[in-house]
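# An overview of the molecular structure
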Amino acid sequence: MPGLLRGVARTAVVAGTATAVSNRVSRRQAGRWADQDAQQAGPQQPAEAAPAPPAAPSMEAKIAQLKELGELKSQGVLTEAEFADQKSRILSS
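Note that the coordinates shown come from a computational prediction; the quantities given were computed from them, not determined experimentally.

The number of helices and strands found in the protein is three helices and zero strands. In sequence order, the secondary structure elements of the protein are arranged as α-α-α. Within the protein, the proportion of its 93 residues that are buried is 12%. Element-wise, carbon and sulfur atoms account for 60% of the exposed surface of the protein, whose accessible area totals about 7200 Å².

All told, the structure shown has two salt bridges when counted by the stated rule. With its nearest N and O atoms 3.3 Å apart, the salt bridge here joins R89 to D85. Here the residue R89 and the residue D85 both occupy positions in helix α3 (residues 80-92), the gap between them amounting to four residues, near one helical turn.

Here the focus is the nonpolar core. Counting eight residues, the largest nonpolar core consists of A9, V13, L69, L72, V77, L78, F83 and I90. Only α1 (2-41), α2 (59-74) and α3 provide two or more residues apiece to this core. Leaving out residues up to four positions away in the same chain, V13 has contacts with L69, L72 and Q86.

What the rule picks out here adds up to zero aromatic pairs. Across the ring face of F83, the terminal group of K73 is positioned such that the distance to the ring centre comes to 5.1 Å.

Here α2 is 16 residues long and its end C-alpha atoms lie 22 Å apart, about the 22 Å a rise of 1.5 Å per residue gives. Looking one or two residues beyond α2, the residue adopting positive phi is G76, at roughly 85°.

One can describe the packing of α2 onto α3 by two numbers: an axis separation of 10 Å at closest approach and a directional angle of 175°. Compared by their axis directions, α2 and α3 come out roughly antiparallel. Contacts between α2 and α3 pair K62, Q65, L66, L69, G70 and K73 from the former with E80, F83, Q86, K87, I90 and L91 from the latter. Among the residues forming the contact of α2 with α3, the class breakdown is five nonpolar, three polar and four charged.

Summarising the element assignment, Q86 is placed in helix α3. Engagement of the side chain of Q86 in a polar contact is seen with the side chain of T17, the distance being 3.0 Å. Sequence-distant contacts of Q86, defined by excluding residues within four places in its chain, comprise V13, T17 and L69.

Analysis parameters
Residues numbered from 1 in each chain as written. Predicted model: local features only at pLDDT ≥ 70, side-chain atom pairs only at ≥ 80, totals over all residues. Heavy atoms only, no water. Helix = DSSP H or I, 4+ residues; strand = E, 2+ residues; numbered from the N terminus. Buried < 20%, exposed > 50% of the residue type's maximum accessible area, 1.4 Å probe, protein only. Areas by Shrake-Rupley, 256 points an atom, 1.4 Å probe, with all protein chains shown as cover. Salt bridge = Lys/Arg side-chain N within 4 Å of Asp/Glu carboxyl O. Core = buried A, V, L, I, M, F, W, Y, C linked by side-chain atoms within 4.5 Å. Contact = heavy atoms within 4.5 Å. Phe/Tyr/Trp six-rings, centres within 6.5 Å; stacked < 30°, edge-to-face > 60°. Lys NZ or Arg CZ within 6 Å of the ring centre and 35° of its normal. Expected span 1.5 Å × (residues − 1). Axes fitted to C-alpha atoms, helices over the stretch in contact; angles between N-to-C directions. Parallel < 35°, antiparallel > 145°, perpendicular 65-115°, else oblique. Nonpolar A, V, L, I, M, F, W, Y, C, P; charged D, E, K, R; others polar. Polar contact = N/O pair within 3.5 Å; in protein donor to acceptor, adjacent residues only side chain to side chain.

Okay, structure coming up:
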C-alpha cells in the first residue's frame, strides 16, 4: 500500500508540474504570436499600451504547493532529493 501511495503522489506532483509548465509555454507562445501580428500590421495602427506580462503564480498558490510537498515528504512518499527538486521548481516559477 505505501508503494502505491508513493506512486500516486509522485504522479500527482509530476502532473501538476507538467500542467504548470504547459500553461506557461502556451502563454509565452500566445505573446509571441501577438507580437508577430503587431509587427505585421505595421505602424499604420496607433500604438496600444503593451499588455501586462502574464501573472506569475500567486505566493499563496506556491505556499499551498510547498505545504503539500512537505506533507508528502513527512509521510515518506517523497525522498529528500525529490522534495528538493520539486521545491526548487515551484520557487523558480
